[in-house]
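Remarks on the overall topology
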Amino acid sequence: MSHTVVKTKPIEGQKPGTSGLRKRTAVFMGPHFLENYVQAIFDGTGGVAGKTLVVGGDGRYFNDRAIEVILRMAAAGGAAKCIVGQGGILSTPAASHLIRKRGADGGLILSASHNPGGPDADFGLKYNGGNGGPASETVTAEIFARTLDIEEYHIVGAQDIDLGTIGTSELAGMTVEIVDPVADYAALMEELFDFDKIAALFAGGFTMRFDAMHAVTGPYATEILEGRLGAAKGTVMNGVPSPDFGGGHPDPNPIWAKELMDVMYGADAPDFGAASDGDGDRNMIVGKGAYVTPSDSLALLASKAHLAPGYKAGLAGVARSMPTSGAVDRVAKAKGIGCYETPTGWKFFGTLLDAGKVTLCGEESAGTGSDHVREKDGLWAVLLWLNILAETGQSVSELMSDLWGEYGRCFYSRHDYEDVESEKAHGMFGDLRDSLAGLAGTKAGEMTVEWADEFAYDDPVDGSHAAAQGLRIGFEGGGRAVFRLSGTGTVGATIRMYIEQLELDASRFELPAEEVLKPIIEAALELSDLKAKTGRDAPNVIT
Ligand code: G1P
Ligand code: ZN
């Protein structure tokens, strides 16, 4: 087989963001783009000679073609073995588990998460290390550095590998093992959760809908919920993955998972509803007419995780990303366990999980997970909820009312201004940053600023420093607004504004969140002058 050295030169725009590199699919398919980036990953991680890699993705358009290229390049680099999900499919958490279980040196995950897929939509590629988690800032910096001085890449000429057939074959001296993408993951879930108890819940008439959003969790959810736990056929909706996710936006929030929301807020709503995203790491939880915010879900799981067998010893500690609400902090305090506030992005939880400092972690962006893998895990969160529902016999709304009764309710919302002109977004952001030092004491509408700062993080395990992780404004009365620029977008800039207010007065728990948060939203808009500076009247997405 021919081993070709292709002369190339750096291509602009290959800087990995919050979770790997995301671009328009057409960009990834452009001349040398994918090959350059794959070579940069290989070189930036010390080469692949003799290594074992896990390779798989969420099945979006170009997934299979990209995997063929990666396999040919890994063979050219002298890799010993690539373990690939059948059909090129691996959910992000299943890939993380496979890396850990097989002791692989790392993995390449092909996904743009919840972004739409297709020739005119988005594609992405991410490198995970031997612990199964997203590459650290140091590693992504190495990869980026290689994209800037790349001169050649290596690839073997070969026929396509048949990704559809389970088994082992050889590609230019490298072993390719095609595995069932679901089996190992489902076995892990059986270890963590009381499947008999959950099966008994379903057998007793408990009903559920799981929206796979035409994405990767379809086969996982069908096997686990309908297959192993005996939930009624049809529990899983949109369960067949398609390269363009049925033309939809596989992001599990009340806007994009509207079909499920309509079911859960309609007549004859089932007892429990959940959804997951493109690559299976995010989750949305909704009870009968009761949407649970991701921040509240994290707090509830932290308070009750010990009811599931995998967590019966209790939690070592918890971690949340900075913009996530403080609800989980209150649970951690009551339990007397550690609580860490990290920058946005799952990679920041890795050191804490590896060091055994935390068991559970989560983000406001619908990510929840634990030390069972090194990624957030959508279906895992759903199963932990089911285990808790089975053990307590309570409904989702009863569980939430009890949680608020005990700790207070953190009202929370996120406003996204997507595809803002990059210059305007950065301008607004820069001006706000410059004004932070003088903000304390400033009045804006009904609110008075108590403190303001730019979040930075010192990793308590490896001492690494992450600067510029979001602008925070604290108001008298405990409310908070946070501004961040997204690191996962593919066009223009996205400004995220996160708003939070803790409420201890139980008579106000049932108020609409918009009403409680209105004064903070208005103050945050006034202080940032967002509308005038970006020319945008309203957010595109409110979650
Ligand atoms: C977004 C979320 C963040 C999450 C990331 C990957 O990143 O906000 O919590 O870790 O996607 O799923 P952002 O676009 O805000 O940088
Ligand atoms: Zn995702």
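Being a predicted model, the structure only gives us computed values, none of them experimental. (Residues numbered from 1 in each chain as written. Chains lettered and ligands numbered in written order. Predicted model: local features only at pLDDT ≥ 70, side-chain atom pairs only at ≥ 80, totals over all residues. Heavy atoms only, no water.)

**Considering the overall build of the protein chain**
Helices and strands together make up the secondary structure of the protein chain, namely 17 helices and 27 strands. Rg of the C-alpha trace for the protein chain: 23 Å, near the compact-globule value of 24 Å for 543 residues, within the 12% margin. Taking the principal axes of its C-alpha atoms as reference, the protein chain extends roughly 75 × 60 × 40 Å. Taking all 543 residues of the protein chain together, the buried fraction comes to 59%. Of the contacts made within the protein chain by residues no fewer than 6 positions apart, 72% connect residues no fewer than 24 positions apart. Total accessible area on the protein chain is roughly 19,900 Å²; 49% of this is exposed by carbon and sulfur atoms. Where the 47 positive side-chain charges of the protein chain centre and where its 74 negative ones centre are 2 Å apart. (Helix = DSSP H or I, 4+ residues; strand = E, 2+ residues; numbered from the N terminus. Rg over C-alpha atoms; globule rule 2.2 N^0.38 Å. Buried < 20%, exposed > 50% of the residue type's maximum accessible area, 1.4 Å probe, protein only. Contact = heavy atoms within 4.5 Å. Areas by Shrake-Rupley, 256 points an atom, 1.4 Å probe, with all protein chains shown as cover. Lys, Arg positive; Asp, Glu negative; His and termini not counted. Charge placed at Lys NZ, Arg CZ, Asp CG, Glu CD.)

**Structural notes on helix α5 (residues 137-149)**
For an α-helix the count is 3.6 residues per turn, leaving residues at separations of three or four pointing the same way. The first and last C-alpha atoms of α5 sit 19 Å apart over 13 residues, in line with the 18 Å expected at 1.5 Å per residue. When α5 is considered as a whole, its buried residues turn out to be T140, I143 and T147. What you see down the axis of α5 is that its buried residues fit within an arc of 60 degrees, all on one side. Opposite the buried face of α5, at more than 90 degrees from it, the exposed residues are T138 and L148. On its buried face, α5 sits against α2 (33-44) and β6 (122-129). (Expected span 1.5 Å × (residues − 1). Arc of directions from axis to C-beta.)

**Re the pairing of strand β24 (residues 471-475)**
Counting buried positions along β24 yields five of five residues, so the element is predominantly enclosed. Residues L471, I473 and F475 of β24 are buried on one face, and the alternating residues R472 and G474, pointing to the opposite face, are buried as well. Judged from the five bridges that link them, strand β21 (residues 447-454) and β24 form a sheet pairing that is antiparallel. Directly across from V449, in β24, lies its bridge partner F475. Note: β24 against strand β25 (residues 480-485), four bridges, orientation antiparallel. Note that in β25 the partner of I473 across the bridge is A481. Remark: four residues form the turn of the hairpin made by β24 and β25, two consecutive strands paired antiparallel; G477 in that turn has positive phi of roughly 95 degrees. (Pairing = 2+ DSSP bridges.)

**Here we look at the site of ligand 1**
Around ligand 1 sit 15 residues in total, of which T18, S365, S486, T488 and R496 are the nearest. S486 is positioned such that a nitrogen or oxygen atom in its side chain is 2.6 Å from an oxygen atom of ligand 1. In the model, an oxygen atom of ligand 1 is placed 2.6 Å from a nitrogen or oxygen of the R496 side chain. Here ligand 1, which alone exposes 380 Å², has 98% of that area covered by the protein. Residue composition of the shell around ligand 1, grouped by class: no nonpolar, eight polar and seven charged. (Near = heavy atom within 4 Å. Polar contact = N/O pair within 3.5 Å; in protein donor to acceptor, adjacent residues only side chain to side chain. Nonpolar A, V, L, I, M, F, W, Y, C, P; charged D, E, K, R; others polar.)

**Some thoughts on α2**
Taking 1.5 Å as the rise per residue, α2 with twelve residues should run 16 Å; its terminal C-alpha atoms sit 16 Å apart, in good agreement. Taken across its twelve residues, α2 has eleven buried, putting it largely inside the fold. Every buried residue of α2 is accounted for by F33, L34, E35, N36, Y37, V38, Q39, A40, I41, F42 and G44. Positioned one or two residues after α2, G46 has a phi angle of 85 degrees, which is positive.

**Some points on the sheet that holds strand β16 (residues 338-342)**
In spatial order, the strands read β16-β15-β17-β18; together these four strands make up an open sheet with mixed pairing. Every other strand in the sheet has two partners, leaving β16 and β18 (367-370) as the edge strands with one partner each. Strand after strand, the sheet turns through a mean of 15 degrees between neighbouring axes, direction not considered. In terms of strand pairing, strand β15 (residues 317-321) meets strand β17 (residues 360-363) through three bridges, oriented parallel. Looking at the pairing, V318 lines up with L360 of β17. The strands that helix α10 (residues 294-304) touches are β15, β17 and β18; relative to β17, the one it contacts most, it runs at about 170 degrees. (Axes fitted to C-alpha atoms, helices over the stretch in contact; angles between N-to-C directions.)

**Examining the pattern of salt bridges**
Enumeration over the complete set of coordinates arrives at 35 salt bridges. Close ionic contact of D160 with R72 constitutes a salt bridge, the shortest N to O distance being 3.3 Å. Of the two residues, D160 sits in the loop between β7 (152-156) and β8 (167-171) while R72 sits in helix α3 (residues 63-76), which places them 88 residues apart along the sequence. Accessibility expressed as a relative area gives 41% for D160, which makes it partly exposed. Its relative accessible area of 13% is what places R72 among the buried residues. Across the pair E137 and K347 runs a salt bridge whose closest N-O atoms are separated by 2.9 Å. Taken together, the residues span a long stretch of sequence, with E137 in helix α5 and K347 in the loop between β16 and α12 (350-354) at a distance of 210 residues. Taken together, the shared-partner salt bridges connect R320, D329, E341, D453, R472, R480 and E500 into one network. (Salt bridge = Lys/Arg side-chain N within 4 Å of Asp/Glu carboxyl O.)

**A word on the sheet that holds strand β11 (residues 236-237)**
Strand order in the open sheet formed by five strands is β11-β10-β12-β13-β14, and the pairing between neighbours is mixed. Whereas interior strands pair on both sides, the edge strands pair on one side only; in this sheet they are β11 and β14 (290-292). The pairing of strand β13 (residues 283-287) with β14 spans three bridges and is antiparallel. Bridge pairing links G287 to A290 in β14. Helix α14 (residues 396-407) contacts β12 (272-276), β13 and β14 of the sheet and is inclined by roughly 55 degrees relative to β14.

**Considering the environment of C82**
Examined against the element boundaries, C82 turns out to sit in strand β4 (residues 81-89). The spacing of C82 and T52 is 30 residues in sequence and 5.7 Å in space, taken between C-alpha atoms.

**Some thoughts on the coordination of the zinc ion (ligand 2)**
Distances from the zinc ion (ligand 2) to its protein donors, S113 (OG), D277 (OD), D279 (OD) and D281 (OD), fall within 2.0 to 2.1 Å. Around the zinc ion (ligand 2), the four donor atoms are arranged such that angles at the metal cover 85 to 158 degrees; this shape is classified as irregular. (Donors = N, O, S within 2.8 Å, 3.2 Å for Na, K, Ca; no water. Tetrahedral: all angles 85-135°; square planar, octahedral: opposite > 155°, others 65-115°.)

**As for the environment of F245**
Tracing the sequence through the fold places F245 in the loop between β11 and α9 (258-264). Classification of F245 as buried rests on a relative accessible area of 1%. Not counting the four nearest positions on each side in its chain, F245 is found in contact with D58, R60, N115, P116, G117, M213, H214, A215, P250 and G278.

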